Amino acid sequence: MGVVEVNLTTVKTTSDGVWEGENPLNYAFPLLLIQIVLVLFTTRFLAFLLKPLRQPRVIAEILGGILLGPSALGRNKEFLHLIFPSWSTPILESIASFGLLFFLFLVGLELDLVSIRQSGKKAFTIALAGISLPIVFGVGVSFILRKAIDGEEKVGYSQYLMFLIVALSITAFPVLARILAELKLLTTQMGQTAMAAAAINDVAAWIMLALAIALAGNGSGSGSKSPLISLWVLISGIGFVAFMLIIVQPMMKWVARKCSPEQDVVKEGYICLTLAGVMLAGLMTDILGIHAIFGAFVFGLTIPKGGEFAGRLIKRIEDFVSGLLLPLYFASSGLKTDVAKIQGAEAWGLLVLVISTASAGKILGTFAVAMMCMIPVRESLALGVLMNTKGLVELIVLIIGKEKKVLNDEMFAILVLMALFTTFMTTPIVMAIYKPSRRIFRVNLRPSSITGKSKETTRIIACINGPTNVPSLVNLIESITTTPNRSPLKLYAIRLVELTDRSSSILMVQRTRKNGFPFIKRFSRDHSSSDDQIAAAFEACNSQIKVRHSTSVSALSTMHEDICHLAEDKWVSMIVLMFQKQDNENGWRDVYQNVLDTSPCSVALLVDPGYMDQRCNHTTIRRVCVLFFGGPDDRQAMDVSGWMAENQGISITLVRFCKEGGLNCKSHSTHREDKEMDEAEIEEFRRKWNGMVEYVEKDVKNIKEEVVKIGEDMSFDLLIVGKRGNKVVEINHYPELGNIGGILVSSECNIKSSLLVIQHNKSSSGATLTTA
């Protein structure tokens, strides 16, 4: 111990530089920077390699720590002494522990005790079975492990058993949320059940871990705690939890109200107060002899989950903690993991035994109870595999056990590999045994279903990727609302949430908890969140509209699959997307193009001038102009305007371009049959709306010039065009909008109106809708 103290006191923070002949690696701060860069590079590279296997990032972080440790690169003593010398270990572990403290605060922030109480008997029963059977198996296998692994028999049995059963029975709530989102199961009934059961499991695991820490002293020998000291630690822990829930929680509710959207700005003082509270709570539990992370976790539970304060905290600290500090914790953990300690057939046999015991306990217990709850066989089995997910919290438990000397090097390595294997296998096994059944219909809808000639219910999907989309979408939906003498419009408002590397489970779960269940709002006391605002805006629409809310949490590369699957399942006649110029920078335009390419029904892209000029306001639609060149897209655009024509207060102008101009324009309607359909549709349209729609024919030489003139005219609130109505031979920077739409949103056209670009899919003809 004296050698360590001498080394620590003689280590300097920074060097004077290489020009002074000094080696920066002999100084604390330059070495720490190198360690951080090395850890980040290793974990990110492994995450890139594992991405095609759809593995959560925690797998790459654990593997990166093991790779840098004595199991792989650390076997080279020169590398270990150069990059990870023993004197740097306390510095690296202190930084990593700081990140761990705030990560556990985020975990507590992700657990909503109110929703756990409302999760129902099914989730509670499944969670109980997923904990109970591993405990029973853990008791049985503990006798074998204590005798087979040298040194473990010296550890107190109660401490050893508590850490073992926690390691076997835990389910990693944050990791499970990400796996479910990657597999597109988060919004399914099975995903909701799994998340509720995992949340209950998480609370139980933390209670057991606190008990294990209270019982554990130095793990063996004279340092073990006496029963009386353990009892005092346990009572102090209970008192701490009571203090946090009774005294601190009301204070944090007050802070959350002060940081609500009704207030002008979030005062930095409240954020700093909360961050200081995390550290103070950790300090209190460390003084009590439990562990600092337990205090941070309980403090996270006190933060209100309903408003925006929790989300703002996550955005402020999650990138820094999860992206930078937490990988350091796994690196320091990997330095303690030596796979070489598992030697011989007996040791590897013990590894197989532990993996089999952990998996059998979780999977069989969950499967049996799920079957009793009348859940189908495949779904029950997949639920059991999902509940077997280990990860971050598992590794934290094992490291604490090693620090307390309850787990020696061999036992620690066995349990780390068990956690790694069970989590790695979760995704491929679930994909193999459970595929959500989807009703794959090709939705063949006649154009009449849009115009209202059919008496059957018409369904529209409105896609929202931000609260700013809502006013324009609401105005559009209001303008096409069916009249009382027809069947009501059914609107599916789907919130699009991008799944990124930093997406926390609280953001995913809170948004998907309301999926398809708008009545959940009754239980929410805080309606200040953006999701509540979106729901309220659509609920305020005309009573003739039936609104269903749902959420898609997905990577942008696969977001279109969720939208198109919903369109197929619900027999939707049109998908409405919001187009923004800045979407090119964040990948949303790829989503729109994928929807256009794969949609089973018509697609409309709504462009609001407010997104191109912040001085423009979201105006109510009163004057509509349809630009008609010919073809199925333009006919669909004309039909949509006919739907609007029935609403009082909306005037429709149909502008037909009769001749091609000087820019080598090529009409879309090149086939004789298509031209005949154009003529027939226009005649029918004029006959039906005679006197209600203004019809204008334009014989122009320069179509682009005329289109720009109409776009810049202040006479219309909304322009409707077909995506493929006219092909102008020039560069189009907005292919999703077609040539005419691209001209109208280009920098050359200072458009004052909203723009609706419609693509009519070829499969959208020949059949009618069925009623809901």
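Quick caveat: nothing in here was measured; it's all calculated off a predicted structure.

*Asks:* I'm lost on the overall build of the protein in this one. Help?
*Replies:* In terms of regular secondary structure, the protein is built from 29 helices and twelve strands. Residues classed as buried in the protein amount to 57% of the 772 residues present. Across the protein, every contact between residues at least 6 apart in sequence was considered, and the portion connecting residues at least 24 apart equals 81%. Of the roughly 33200 Å² of accessible surface on the protein, a fraction of 59% belongs to carbon and sulfur atoms.

*Asks:* Can you help me understand the environment of Arg 623 in this one?
*Replies:* For Arg 623, the location among the structural elements is in strand S6 (residues 623-628). Taking the relative accessible area as the measure of exposure, Arg 623 reaches 33% and is therefore partly exposed. Setting aside residues up to four positions removed in sequence, Arg 623 forms contacts with Ser 651, Met 714, Ser 715, Phe 716, Asp 717 and Leu 718. Separated by 2.8 Å, the side chains of Arg 623 and Asp 717 make a polar contact.

*Asks:* Before we go on, may I ask you to explain helix H16 (residues 377-387) in this structure?
*Replies:* Quick reminder: α-helices carry 3.6 residues per turn. Residues three or four places apart thus point the same way. Burial analysis of H16 places eight of its eleven residues in the buried class, the great majority of the element. Three or more residues of H16 are buried, namely Glu 379, Ser 380, Ala 382, Leu 383, Gly 384, Val 385, Leu 386 and Met 387. Looking at the buried residues of H16, the elements they touch are helix H7 (120-148), helix H9 (173-182), helix H10 (189-215), helix H15 (344-372) and helix H18 (409-433).

*Asks:* I tried to follow the pattern of salt bridges on my own but got confused; where do I start?
*Replies:* Pairing between side chains becomes possible if they bear opposite charge and their charged atoms approach one another. One pass over the structure, following the stated rule, counts nine salt bridges. The partner of Lys 698 in a salt bridge is Glu 706, and the shortest N-O contact between them spans 3.2 Å. Ionic contacts of the salt-bridge type, sharing partners, join the residues Lys 698, Glu 706 and Lys 709 into one network.

*Asks:* Can you help me understand the packing of aromatic side chains in this one?
*Replies:* Each aromatic ring pair is specified by the distance between its two centres and by the angle formed by the two planes. Scanning the model with the defined rule gives nine aromatic pairs in all. Ring plane angle 25 degrees and centroid distance 5.5 Å describe the contact between Phe 143 and Tyr 157, whose orientation is recorded as stacked. With a gap of 14 residues between them, Phe 143 in helix H7 and Tyr 157 in helix H8 (residues 157-169) connect regions that are remote in the sequence. A relative accessible area of 28% places Tyr 157 in the partly exposed class. Centre to centre, the rings of Phe 579 and Tyr 592 are 6.3 Å apart; their planes meet at 50 degrees, and the pair counts as tilted. Within this pair, whereas Phe 579 is found in strand S4 (residues 574-579), its partner Tyr 592 is found in helix H25 (residues 588-598), the two being separated by 13 residues in sequence. Overall, Tyr 592 belongs to the buried group, its relative accessible area being 2%. A cation over an aromatic ring shows up here: Arg 146 above the ring of Tyr 160, its NZ or CZ 5.7 Å from the ring centre. Directly above the aromatic system of Phe 412 lies the positively charged group of Lys 402, at a separation of 5.8 Å from the ring centroid.

*Asks:* I tried to follow the pairing of S4 on my own but got confused; where do I start?
*Replies:* Within a regular strand, side chains alternate between the sheet's two faces. Counting buried residues in S4 gives six out of six residues, a clear majority hidden from the surface. Side chains Met 574, Val 576 and Met 578 project from S4 onto one buried face, and the interleaved Ile 575, Leu 577 and Phe 579 project onto a second face that is buried too. For strand S1 (residues 458-464) and S4, the ladder comprises three bridges, and the chain directions are parallel. Among the inter-strand pairings, Ile 460 is bridged to a residue of S4, identified as Met 574. Bridge analysis of S4 against strand S5 (residues 602-607) gives six bridges, and the strand direction is parallel. Counted as the bridge partner of Met 578 is Leu 606 from S5.

*Asks:* Please clarify how the side chain of Ser 554 should be interpreted in this entry.
*Replies:* Along the polypeptide, Ser 554 turns up in strand S3 (residues 545-554). Taking relative accessible area as the criterion, Ser 554 reaches 1% and is therefore assigned buried. If we ignore the near neighbours within four places in the chain, the residues touching Ser 554 are Lys 184, Val 497, Glu 498, Leu 499, Met 559 and Asp 562.

*Asks:* Would you explain the packing of helix H28 (residues 703-712) against helix H29 (residues 738-745) in this entry?
*Replies:* Axis angle and axis distance: for two packed helices, these are the angle between their axes and the distance between the axes, and together they describe the pair. Contact geometry of H28 with H29 gives a least axis separation of 9 Å together with a crossing angle of 55 degrees. Relative to H29, the element H28 lies oblique. For the element pair H28 and H29, the recorded crossing hand is right-handed. Residue-level contacts link Ile 703, Lys 704, Val 707, Val 708 and Gly 711 of H28 to Ile 740, Ile 743 and Leu 744 of H29. Here the contact of H28 with H29 is built from residues that sort into six nonpolar, one polar and one charged.

*Asks:* Sorry if this is basic, but what is going on with the confidence of the model for the protein here?
*Replies:* As a note on interpretation, predicted positions should not be read in detail where pLDDT is low. When pLDDT is averaged across the protein, the result is 78; 79% of the residues are at 70 or more. Across residues 1-7, confidence stays below pLDDT 50; counting only partners more than four residues off in sequence or on other chains, it has one contact. Within the model, pLDDT remains below 50 along residues 514-528, and this stretch shows 33 contacts once partners closer than five positions in the same chain are excluded.

*Asks:* Where do I start with a nonpolar patch on the surface in this structure?
*Replies:* A surface patch of nonpolar side chains, about 540 Å² in accessible area, is lined by Phe 243, Leu 245, Ile 246, Ile 247, Met 251 and Met 284. Take the nonpolar patch: its biggest share by element is five residues, from helix H11 (residues 227-258). Within the secondary structure, Leu 245 sits in helix H11. Its relative accessible area of 32% is what places Leu 245 among the partly exposed residues.

*Asks:* I tried to follow unusual backbone geometry on my own but got confused; where do I start?
*Replies:* Phi is mostly negative for residues that are not glycine, and the peptide bonds are mostly trans. The backbone of Met 374 shows a phi angle near 65 degrees, a positive value even though the residue is not glycine. Assignment of secondary structure puts Met 374 in the loop between H15 and H16. Its identity as a non-glycine residue notwithstanding, Lys 405 has a phi of 60 degrees, on the positive side. Relative to the helices and strands, Lys 405 resides in the loop between helix H17 (392-403) and H18.

*Asks:* Please clarify how the environment of Ala 358 should be interpreted in this entry.
*Replies:* Counting through the fold element by element, Ala 358 comes out in helix H15. Counting along the chain gives 60 residues from Ala 358 to Met 418, while the straight-line C-alpha distance between them is 8.1 Å. Sequence-distant contacts of Ala 358, that is, excluding residues within four places in its chain, are made with Leu 168, Asn 388 and Met 418.

*Asks:* What am I meant to see in the environment of Phe 294 here?
*Replies:* Relative to the helices and strands, Phe 294 resides in helix H13 (residues 292-301). Beyond its immediate chain neighbours, meaning those up to four positions away, Phe 294 contacts Trp 206, Ala 210, Val 241 and Thr 285.

Parameters and conventions
Residues numbered from 1 in each chain as written. Predicted model: local features only at pLDDT ≥ 70, side-chain atom pairs only at ≥ 80, totals over all residues. Heavy atoms only, no water. Helix = DSSP H or I, 4+ residues; strand = E, 2+ residues; numbered from the N terminus. Buried < 20%, exposed > 50% of the residue type's maximum accessible area, 1.4 Å probe, protein only. Contact = heavy atoms within 4.5 Å. Areas by Shrake-Rupley, 256 points an atom, 1.4 Å probe, with all protein chains shown as cover. Polar contact = N/O pair within 3.5 Å; in protein donor to acceptor, adjacent residues only side chain to side chain. Salt bridge = Lys/Arg side-chain N within 4 Å of Asp/Glu carboxyl O. Phe/Tyr/Trp six-rings, centres within 6.5 Å; stacked < 30°, edge-to-face > 60°. Lys NZ or Arg CZ within 6 Å of the ring centre and 35° of its normal. Pairing = 2+ DSSP bridges. Axes fitted to C-alpha atoms, helices over the stretch in contact; angles between N-to-C directions. Parallel < 35°, antiparallel > 145°, perpendicular 65-115°, else oblique. Left-handed = near helix turned anticlockwise from the far one by under 90°. Nonpolar A, V, L, I, M, F, W, Y, C, P; charged D, E, K, R; others polar. pLDDT = per-residue confidence, 0-100. Patch = residues over 30% accessible without salt bridge, like charges linked within 9 Å, V, L, I, M, F, W, Y side chains within 5 Å.

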